[in-house]
Amino acid sequence: MDLRSKRLNKTLDPLAVRFLDSTDEDEDLLREDLVGTAVHAEALADAGVLTPQELDLLRAAVHQAYEDAQRGQFPLKPALEDVHMNVEAWLTQRLGELGKKIHTGRSRNDQVALDLRLAARRHLMTVAHQLLRLCKALRSVADKAPEAVLPGTTHLQPAQPVAFAHWAGMHVERLVRDLERLRDAYARLNVSPLGAAALAGTSHAIDPARTAERLAFDAAFRNSLDAVSDRDFLIEIAYVHAHGAVHLSQLAEDVILWAAPAYGFLELGDAHATGSSIMPQKRNPDVFEVVRAAAATAIGELTTALAISKGLPAAYNRDLQEQKRVLVHAWRRQRKLLAVLPDAVANLTPRPERMEAAAGQGHTDATELADHLVRRGVAFRDAHGMAADAVKAADDAEKTLSELTDDELAAVLGQHAQGVRDVLGPHAAVAAKTSPGGTALERVAEQHERQAEILEDLAAFFESETMRVAAAETRLLQPTQQSKVKPA
Ligand code: ARG
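Because the structure is a prediction, the values reported are computed rather than measured.

Parameters at a glance
- Residues numbered from 1 in each chain as written.
- Predicted model: local features only at pLDDT ≥ 70, side-chain atom pairs only at ≥ 80, totals over all residues.
- Heavy atoms only, no water.
- Helix = DSSP H or I, 4+ residues; strand = E, 2+ residues; numbered from the N terminus.
- Rg over C-alpha atoms; globule rule 2.2 N^0.38 Å.
- Areas by Shrake-Rupley, 256 points an atom, 1.4 Å probe, with all protein chains shown as cover.
- Buried < 20%, exposed > 50% of the residue type's maximum accessible area, 1.4 Å probe, protein only.
- Polar contact = N/O pair within 3.5 Å; in protein donor to acceptor, adjacent residues only side chain to side chain.
- Contact = heavy atoms within 4.5 Å.
- Salt bridge = Lys/Arg side-chain N within 4 Å of Asp/Glu carboxyl O.
- Core = buried A, V, L, I, M, F, W, Y, C linked by side-chain atoms within 4.5 Å.
- Pairing = 2+ DSSP bridges.
- 1 Å grid on protein atoms, 1.4 Å probe; cavity = no way out; pocket = protein on both sides within 12 Å on 5 of 7 lines; lining within 4 Å.
- Points joined across faces, edges and corners; volume = space filled by probe spheres on them.
- Nonpolar A, V, L, I, M, F, W, Y, C, P; charged D, E, K, R; others polar.
- Near = heavy atom within 4 Å.
- Axes fitted to C-alpha atoms, helices over the stretch in contact; angles between N-to-C directions.
- Parallel < 35°, antiparallel > 145°, perpendicular 65-115°, else oblique.
- Left-handed = near helix turned anticlockwise from the far one by under 90°.

Student: Describe the overall build of the chain, with residues and values.
Tutor: If you tally the helices and strands in the chain, you get 18 helices and six strands. Taking 23 Å as the expected radius of gyration for a compact globule of 488 residues, we find that the chain reaches 30 Å, considerably beyond that expectation. Each principal axis of the C-alpha distribution contributes one length, and for the chain these read about 100 × 50 × 45 Å. When the accessible area of the chain is evaluated, it comes to approximately 23,100 Å², of which 54% is carbon and sulfur surface.

Student: How would you sum up the side chain of Glu42? Please name residues and give values.
Tutor: Here Glu42 is to be found in helix α3 (residues 30-46). Residue Glu42 is classed as buried on the basis of its relative accessible area, which comes to 7%. A polar atom in the side chain of Glu42 sits 3.1 Å from the side chain of Arg214. Aside from chain neighbours lying at most four places away, what touches Glu42 is Leu55, Arg59, Arg214, Arg475 and Leu476.

Student: How would you summarise the pattern of salt bridges if you had to cite specific residues and measurements?
Tutor: In the structure shown here, the tally under the stated rule is 37 salt bridges. Across the pair Arg475 and Glu42 runs a salt bridge whose closest N-O atoms are separated by 2.9 Å. Highlighted residues: Arg475 in helix α18 (residues 441-477) and Glu42 in helix α3, separated in sequence by 433 residues. Look at Arg475 and you get partly exposed, because its relative accessible area is 32%. A salt bridge links Asp230 to Arg117, with the shortest nitrogen-to-oxygen separation between them at 2.8 Å. Linking Asp230 in the loop between α9 (224-229) and α10 (232-259) with Arg117 in helix α6 (residues 108-144), this pair joins segments that are 113 residues apart in sequence. Like Asp230, the residue Arg117 is buried in the burial classification. Salt bridges linked by common partners bring Glu42, Asp46, Arg59, Arg214 and Arg475 together as one network.

Student: Tell me about the nonpolar core, residues and numbers included.
Tutor: Grouped together as the largest cluster of nonpolar side chains are 109 residues, with contacts concentrated most on Leu91, Phe164, Leu179, Phe288 and Val345. Apart from the residues lying within four places of it in its own chain, the contact partners of Leu91 are Thr37, Leu58, Ala61, Val62, Gly96, Gly99 and Ile102. Ranked by size, the runner-up nonpolar core spans 19 residues in total, among them Ala370, Leu404, Ala417 and Val423.

Student: Now, about the pairing of strand β2 (residues 157-163): what can you tell me, with residues and values included?
Tutor: The pairing of strand β1 (residues 149-154) with β2 spans six bridges and is classified as antiparallel. Bridge assignment links Gly152 to a residue of β2, and that residue is Gln160. What sits between the antiparallel neighbours β1 and β2 is a turn of two residues, in which His155 has the positive phi angle 55°.

Student: Let's hear about the layout of surface pockets: which residues, and what values?
Tutor: When its volume is computed, the largest pocket comes out at roughly 500 Å³. Around the largest pocket sit 25 residues that line it, and Leu150, Pro151, Gly152, Thr153 and Trp258 are the ones nearest its centre. Where the lining of the largest pocket is concerned, the elements lending two or more residues are β1, β2, α7 (164-189) and α10. For the lining of the largest pocket, the element with the highest residue contribution is α7, accounting for five residues. When grouped by side-chain class, the residues that make up the lining of the largest pocket number 14 nonpolar, eight polar and three charged. In terms of lining residues, the second largest pocket is bounded by 17 residues, among which Leu132, Lys136, Leu455, Glu456 and Ala459 are the most central. Of all the elements in the fold, those that place two or more residues in the lining of the second largest pocket are α6 and α18.

Student: Tell me about the site of the ligand, residues and numbers included.
Tutor: In the vicinity of the ligand, the contacting residues are Ser22, Asp82, His84, Arg108, Asn109, Val112, Tyr316, Arg318, Gln321 and Lys324. Here an oxygen atom of the ligand and a side-chain polar atom of Lys324 are 2.5 Å apart. For the shell around the ligand, the elements supplying multiple residues, two or more each, are α6 and α12 (319-346). Looking at the shell around the ligand, its residues break down into two nonpolar, four polar and four charged.

Student: Residue-level account of the packing of helix α11 (residues 286-309) against α12, with values.
Tutor: Viewed as axis vectors pointing N to C, α11 and α12 meet at an angle of 160°, and their least axial separation amounts to 10 Å. On the basis of their axis angle, the class for α11 and α12 is roughly antiparallel. Handedness of the α11/α12 crossing: left-handed. On α12, the residues that touch Val287, Phe288, Val291, Ala294, Thr297, Ala298, Glu301, Thr304, Ala305, Ile308 and Ser309 of α11 are Asp319, Glu322, Gln323, Val326, Leu327, Ala330, Arg333, Leu337, Val340, Leu341, Ala344 and Val345. Of the residues contributing to the contact of α11 with α12, the split by class is 15 nonpolar, four polar and four charged.

Student: Before we move on, can you summarise the side chain of His416 with the specific residues and values?
Tutor: Mapped onto the elements of the fold, His416 is located in the loop between α16 (406-413) and α17 (426-432). Discounting residues that sit within four places of it in the chain, His416 has contacts with His372, Leu373, Arg376, Val378 and Met386.

Student: Account for empty space enclosed by the protein, naming residues and giving values.
Tutor: If you walk through the whole model with that rule in mind, you get three cavities of 30 Å³ or more. Considered as a void within the structure, the largest cavity measures approximately 90 Å³ in volume. Along its surface, the largest cavity is lined by Val127, Leu131, Asp178, Leu182, Val240, His241, Gly244, Ala245, Leu248, Gln334 and Leu338. Sorting the residues of the lining of the largest cavity by element identifies α6, α7, α10 and α12 as the ones contributing at least two each. Residues that form the lining of the largest cavity fall into these classes: seven nonpolar, three polar and one charged.

Okay, here's the thing in structure tokens:
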């Protein structure tokens, strides 16, 4: 059945039908399309296009369709091109003449824009929830070894000791910014495009503001041309994902490195380590490796989304369907990744003894030694030189700085050797970093507390939006008076 083409003398070439079909990705928009159809029926009733009784019948049919969909009994027919034509055809089959009225004053152009915004809203809230879980997982791993210190590196060379919990806090900070970016994107996406129709608005007396309110959007569109062609919200989400995926790849890389026996700072959980088909001893970090690679895919998707929008003439163009295809698949993958990662992180076991042994190597307390000299009145540049001499002496004696004897220390530092032992060693070095935001354990505890407050605020925001949206959408999918009556 082809609902669009009375004017055309031939039906569409079957190969072209298959080429233009978007039903695969539209599976993820079926619920949204039904919500949108129900709310549009209400707008048509307000406008006097539908009688109250017709509205009721339509709403009952939408409810029925939703129930079928939930039972997996609303397969989208590729021959009908997309979810919109599938829903309209289904309604028309059930309701006859009445079904043919639903497309009054609307177009697939404002429909798909609406479906995408509704789906983006839902997706974004799921992802926010998953990121919050990941923050909790990082925190729980830190809590397994609250006093562990490891060799912090720059250029991957031993630099200064830091608390393991400080490392976890760093990754949480990145995720907090990702969550804030999601919240920002949410504010711009939460606008209803329904009522823009094909591009120009409609001559029927429908009220987009009322529709927006019924859908728990913050506002309705101001410009119909923009409403049907604006995909900024998709691009913004793709950006947040790409940037977030870069963060996750950095986390994954730390885990992969530290789970390697040469480091041994972390052990992978059995449920998240993979074996080898030939080497029986293996515990491979495949989950984290795929997370590391996923950033490349996400960057590609952002580039694709931007490139498809580039140079498009006003207003709707079918190119946007290709953009939708890429991004709906991207969202599916993103949710899959974030479903597995929090547990994979929570199941990591820190090995404080390995961390500490490594932190004791590489003279990571040399800066502390220089700072000690500064406190004794030596200018930092000179102190830096004296500490370097001490490092040389230690290397020559094949010792750590704290293993040098009093005489050996005095040979390099003279009278300033006094009291130097108190500042040497990884734990002392960590304890000394009491500046705000530093790695001293009490500072790390403060940082975790502040992070927990910020995360609680973010969680409250996403939680209350989830409830508000769910209430609005559930109402539109509910049964009505007519739901008991068998439709024509
Ligand atoms: N399947 C289309 C899409 O996903 C729906 C909009 C089609 N509009 C049109 N004028 N052909 O973008």
